[in-house]
Amino acid sequence: MQHLIQFRLAARIQHSMRSSLSGKAFCICGLVLALSGPGCKRSENSNPVTSQPTSQALEAAVENSPSAFPIQVAPSADLGNQPSITYDQVLAAQQTILDLESRVQNLPDEIDQETIDHLKEQFLGTVWEASKVARQFVDQSPSHALAREVSQLEKQWVTQLASQNFQPAVQRLSDIVLGSLNDPSVSLEEKYQILVRAVQQAALRERPNGMLAMAHALETGTDQLLNKFPSKIISIDLLRTPLQIYHSLRQTNDFQRVMSRITEVLDNSSASPDLAAESASLRLDFAASLFSFRQLEAARSHIQKVIQLKPTPELVHDAATALSTMDEVLHLELMQDQFIGNKVDLIWTSPLQSDSQALPLTRLPHKAVALVFWSLMNQPTRSLLQDLLALAEKSNSNSPDSLAIVHVHVPHDSQPISADEFLEYLKSQPDCATYAIDPNQAENLPFFKLFPPKILPDVWLLDGQRRLHTPRAHHQLGSALFQILRDSNTPSL
């Protein structure tokens, strides 16, 4: 039911934005995900294995039984034998998709799996047939005033289908991308962005095969980008994801290979006057990533390279600041490591209750406490909080008081989240996330003077006696929590 509610809300937002052909385009990905999500009720007699249509079965249904779908296009490859397609027929094809959207809006909160499977199959097939209508219109009327808009509509439909690993659409999307790259009317920058999106989508399609498969796809795609657009050295930013995956999965050889590839691009581009500044900036970002993986020697080497090359005074200053920050952070981490095993005597309150009493962490009944330090609601923070909430939900389902999440809001960045925004965030979260520590509270000041957070977001894990078990736990949350709960005789995660 949750998936249906989310889809209906998204569909209403999309409906309010429709004012032109491209504006009318409907985000079908939400529907497909909603119909296949776990929130819908299965019928008692449905088989979760045989009732779920596979991509191959659906492709066969589309190609062999076109009458199953409201939109039909003659399958002949000979343009002269195909019926003429009008713009009104394109709009009619689009309306068919919107009608299916309306059907989903009016679905009951609980529907059987057979109905879900049928709607999903019909929707994917209908969108595929609609894309063929759009393609045929453009093929027959390339000079039509709305041909470009219809072409974009086909591309949007095909992209959504490809994201569901619908193979005919995957191949068609590849053809569209290649056609755009060879189109002289498309600017070089636009061609680059098209290929970047294609690389990202190809990697996402590998996600069901595992994180390593996705990482390898990103590597392959990045090499293609660098070969076709050698001046776009920013492409190496795509390699940060494989770098992180290989590091987290301890794929040492792959990690070293990606490091060497990025270094090679940076070294080659630093000699170019046109790319020197961009190369130096990317090098500093790369050094920051290496430092987060504790590749200290490599991180220092890249920062010192920036200082040596002197691309701009600003970048040299940033590099010197980075070296100083690294030293400070390492010193602070040494202090944190020496504090392991000691009690963290901090006072918490419930910010959702105006009359909440300030209490020590020892008054929380949980067997473990995650202190999450953060300031900005940016992507790293969102990812970390999502991981924490998922971990809390899993551990507390086995033992109700396993893990408490205590937010430490540290407003020291240039654009910190406001107190009101922080409160609104907490209101939107489960009960396990409604505790907070104020660093400026008198009882907490001595601790934060001793251990000022330098890298945010971060997580510290405390055991049942509120002793520091693991600082900087964001890279090993699951395993560190497992150790704490195991020592507390809590059922394993």
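Predicted model only: the values in this text are computed from it and were never measured. Numbering of residues starts from 1 in every chain and runs along the sequence as written. Only residues with pLDDT of 70 or above have their local features reported here, since the model is predicted, and side-chain atom pairs are shown and tallied only from 80 upward, although totals for entire chains, interfaces and linings are computed over all residues. The side-chain values count all of the structure's non-hydrogen atoms but skip hydrogen atoms and water molecules.

K.L.:
Teacher, can you tell me more about the overall build of the chain here?
P.N.:
Of the regular secondary structure elements, the chain holds 19 helices and seven strands. Contacts are assigned to residue pairs that have any heavy atoms within 4.5 Å of one another. Within the chain, residue pairs in contact and separated by at least 24 positions form 68% of the contacts whose partners lie at least 6 positions apart. The accessible surface values rely on the Shrake-Rupley method and a 1.4 Å probe; as for residues, cover is taken only from the protein chains in view. Looking at the chain as shown, the accessible area adds up to about 25,300 Å², and 51% of this sits on carbon and sulfur atoms. Each helix is a run of DSSP H or I of at least 4 residues and each strand a run of E of at least 2, with the numbering of both proceeding from the N terminus.

K.L.:
Could you clarify how one ought to interpret the side chain of Ser131 in this entry?
P.N.:
Within the secondary structure, Ser131 is located in helix H6 (residues 113–140). Residue exposure (1.4 Å probe, protein chains only): buried if accessible area is under 20% of the type maximum, exposed if over 50%, otherwise partly exposed. Among the residues examined, Ser131 registers a relative accessible area of 0% and is labelled buried. Definition of a polar contact: a pair of N or O atoms within 3.5 Å, with one able to donate and the other able to accept a hydrogen when the atoms are protein atoms, and with sequence-neighbouring residues admitted only if both atoms are side-chain atoms. Looking at Ser131, its side chain comes within polar contact range of the main-chain oxygen of Trp128, at 2.6 Å. Aside from chain neighbours lying at most four places away, what touches Ser131 is Glu154, Trp157 and Val158.

K.L.:
I would appreciate a short explanation of the side chain of Lys155 in the present structure.
P.N.:
In this fold, Lys155 is placed in helix H7 (residues 147–163). Buried charge without a partner: Lys155 forms no salt bridge, and the closest opposite charge is Glu190, 6.5 Å away. Non-local contacts of Lys155, meaning those with residues more than four positions away in its chain, are made with Ile176, Ile194 and Arg197. When charges are counted, neither His nor the chain ends are considered; positive counts come from Lys and Arg and negative counts from Asp and Glu. We define a salt bridge as a contact between a side-chain nitrogen of Lys or Arg and a carboxyl oxygen of Asp or Glu at a distance within 4 Å.

K.L.:
Is there a simple way to think about the environment of His474 in this case?
P.N.:
On the secondary structure map, His474 appears in the loop between strand S7 (468–470) and helix H19 (477–487). Its relative accessible area of 28% is what places His474 among the partly exposed residues. For the pair His474 and Val372, spaced 102 residues apart in the sequence, the C-alpha separation amounts to 9.1 Å.

K.L.:
Help me understand helix H11 (residues 240–248) in this model?
P.N.:
If you check which residues of H11 are buried, you get Pro242, Leu243, Ile245 and Tyr246. On an axial view of H11, the arc spanned by its buried residues comes to 165°, and they lie on one face. Taken together, the buried residues of H11 touch helix H10 (211–228), helix H12 (252–270) and helix H13 (276–292). With its phi angle positive at about 60°, Arg250 sits one or two positions after the end of H11. Note that the arc is defined by the directions from the helix axis to the C-beta atoms.

K.L.:
Looking at this model, I keep getting lost on the sheet that holds strand S2 (residues 359–360). Mind explaining?
P.N.:
In sheet architecture, strand pairing relies on hydrogen bonds along the backbone and comes in two forms, parallel and antiparallel. Strands were regarded as paired on the criterion that DSSP finds at least two bridges between them. Read across the sheet, seven strands follow the order S2-S1-S5-S4-S3-S6-S7 without closing on themselves; strand pairing throughout is mixed. The two strands at the open ends of the sheet, each matched to only one other strand, are S2 and S7. Geometry is summarised by axes, namely lines fitted to C-alpha atoms with helices restricted to the contacting stretch, and by angles between N-to-C directions that run from 0 to 180 degrees. Set on the sheet, helix H16 (residues 379–398) makes contact with strand S3 (368–374), strand S4 (403–409) and strand S6 (458–462); between it and S4 the angle comes to about 155°. The sheet contacts of H19 involve S3, S4, S6 and S7, and relative to S6 the element is tilted by about 15°.

K.L.:
It is not clear to me how unusual backbone geometry should be interpreted in this structure. Could you clarify?
P.N.:
Negative phi is the rule for most residues except glycine; trans is the rule for most peptide bonds. Of note in the backbone geometry, Arg250 takes a positive phi value of approximately 60° without being a glycine. Among the structural elements, Arg250 can be located in the loop between H11 and H12. In the Ramachandran plot, Arg472 falls in the positive-phi region, its phi being about 55° despite a non-glycine side chain.

K.L.:
I keep staring at the packing of H10 against H12 and nothing clicks. Help me out?
P.N.:
For any two helices packed against each other, one specifies the crossing angle of their axes together with the interaxial distance. Relative orientation of the contacting elements H10 and H12 amounts to 15°, with a least axis distance of 13 Å. The orientation of H10 with respect to H12, classified from their angle, is roughly parallel. In this structure, the crossing between H10 and H12 has a hand that is left-handed. Every residue of H12 that contacts H10 at His216, Glu219, Asp223 and Leu226 is listed here: Asp254, Arg257, Val258, Arg261 and Val265. Comment on the angle field: the value is read as roughly parallel under 35 degrees, roughly antiparallel over 145, roughly perpendicular from 65 to 115, and oblique elsewhere. A clockwise turn of the near helix away from the far one marks a right-handed crossing, whereas an anticlockwise turn of less than a right angle marks a left-handed crossing.

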